[in-house]
Amino acid sequence: MLKFISLGCKVNSYESSALKELFLKNGFNDETKPDIVVINTCSVTAVADQKSRQIIRREKRNNKDAVIVVMGCYSQKNADYIYKECGADVIVGTSNRNKLVDLVKTFLKEKKPQILIDSDPRKFKYESFGTIAIPNSTRAYVKIEDGCNNFCSYCTIPYTRGVARSRPKEEIINEISTLVEKGYKEIVLTGIHLAHYGMDLKNLTFSDLVEEIVNIPNLYRVRISSIEESEIDDKLIALLKQYPNIANHLHISLQSGSESVLKRMNRKYTTKEFLNKVNAIRKVRKDIALTTDVIVGFPDESEKEFNETYNFIKKVKFYELHVFPFSKRKGTSAYLMKDVDS
């Protein structure tokens, strides 16, 4: 009897689905009343941290006889708290997920907490999972990359997920080909920082990978889940023009439309470069839907800077926005910056 709870991003959903399959293959049943509860946590904001803690405590309270298993970004940095204050039985972070079945078996045998945290995310290797397909759907997710090298001033992800590392290309192509043969029409490429794919490999870029994927026979559509302006190269724009099976949508993270705020965020582009890239994309895909993320209330953000972002958003004419307030994350440089005056 097994229950999975996944918080946060699509990568977490992918990993949770893969691990659920691993548990099922090892004889754990998927029924209503859980004997094992696996919680895949998120730590992208302070609210995500709080939600992770609340759910761990809730599941511990509601399932007193169940094995409580916690993994993910929040547990990577907070394993001691999760064990002592939340009462989890098995804890891993953002590595060693493939060892969870064995750790649960050991706990059931020895009745002793199992905590396996690699303390240095910079040494993480890519951890492969199985093929993930959504039941009763024509869409499947394929993870191609993990980790991030950007070190934006507000973000903890490089510290919890480690630096970028790529999944072997042959493994990706084989998985997608298998999914297409099974009847799946749309493949969604997922990763922590998707277009960092290939940075740790020789003579292979994200655009090179996309080119191979779009040429897989009978693949109706491939969707790029999120990308940075600086990583949309001329080849990817050419692929958008040449291959209609690339979904007519790109999510390009902006975060701010103010030059001074972008510098404080340690982002890798200017608003001019962002707009030029948008114009280049729309030149080959006139009706493409462009969506983005924006952080408001970044430390010391003035009304002038806020209005610069507002006006830039109007100029770009995004199809949709995801706007969220700045969240202080201990350990980041933005944590020490001056808060916005309320």
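This is a predicted model, so every value here is computed, not measured. (Residues numbered from 1 in each chain as written. Predicted model: local features only at pLDDT ≥ 70, side-chain atom pairs only at ≥ 80, totals over all residues. Heavy atoms only, no water.)

## So, the packing of aromatic side chains
- One pass over the structure, following the stated rule, counts eight aromatic pairs.
- Each ring, one from Phe 4 and one from Phe 23, has its centre 5.9 Å from the other, and the planes form 70°; the classification is edge-to-face. Taken as a pair, Phe 4 in strand 1 (residues 2-6) and Phe 23 in helix 1 (residues 10-25) lie far apart in primary sequence, 19 residues in all.
- By relative accessible area, which is 19% here, Phe 4 ends up buried.
- Judged by its relative accessible area of 0%, Phe 23 is buried.
- For the pair Phe 274 and Phe 312, a centre-to-centre distance of 6.0 Å together with 70° between the ring planes defines the contact as edge-to-face. With Phe 274 in helix 10 (residues 271-284) and Phe 312 in helix 11 (residues 303-316), this pair connects stretches of sequence that are 38 residues apart. Phe 312 carries the same exposure label as Phe 274, and that label is buried. (Phe/Tyr/Trp six-rings, centres within 6.5 Å; stacked < 30°, edge-to-face > 60°. Helix = DSSP H or I, 4+ residues; strand = E, 2+ residues; numbered from the N terminus. Buried < 20%, exposed > 50% of the residue type's maximum accessible area, 1.4 Å probe, protein only.)

## With respect to the sheet that holds strand 1
- The five strands are arranged 1-2-3-4-5 in an open sheet whose pairing can be described as parallel. Every interior strand has two partners, whereas the edge strands, strand 1 and strand 5 (114-116), have only one. Geometrically, the sheet is characterised by an average inter-axis angle of 10° between neighbouring strands, direction not taken into account.
- Where strand 4 (residues 90-92) lies against strand 5, three bridges are found, and the strand directions are parallel. Bridging across to strand 5, Ile 91 finds its partner in Ile 115.
- Contacting strand 1, strand 2 (36-41) and strand 3 (67-72), helix 2 (residues 46-62) crosses the sheet at an angle of about 175° to strand 2. (Pairing = 2+ DSSP bridges. Axes fitted to C-alpha atoms, helices over the stretch in contact; angles between N-to-C directions. Contact = heavy atoms within 4.5 Å.)

## Focus: the pattern of salt bridges
- Scanning all chains against the criterion turns up 26 salt bridges.
- Here Arg 264 and Glu 305 are joined by a salt bridge, their closest N and O atoms 3.0 Å apart. On the criterion of sequence distance, the pair formed by Arg 264 in helix 9 (residues 259-265) and Glu 305 in helix 11 is long-range, its members being 41 residues apart.
- Judged by its relative accessible area of 23%, Arg 264 falls in the partly exposed class.
- Glu 308 is paired through a salt bridge with Lys 304; the nearest N and O atoms lie 2.6 Å apart. Residue Glu 308 and its partner Lys 304 are both found in helix 11; the two are separated by four residues, about one turn of the helix.
- By relative accessible area, Lys 304 is classed as exposed at 60%.
- What you see here is one network of salt bridges that share partners, running through Glu 15, Arg 97, Glu 127, Lys 143, Asp 146, Arg 161 and Arg 165. (Salt bridge = Lys/Arg side-chain N within 4 Å of Asp/Glu carboxyl O.)

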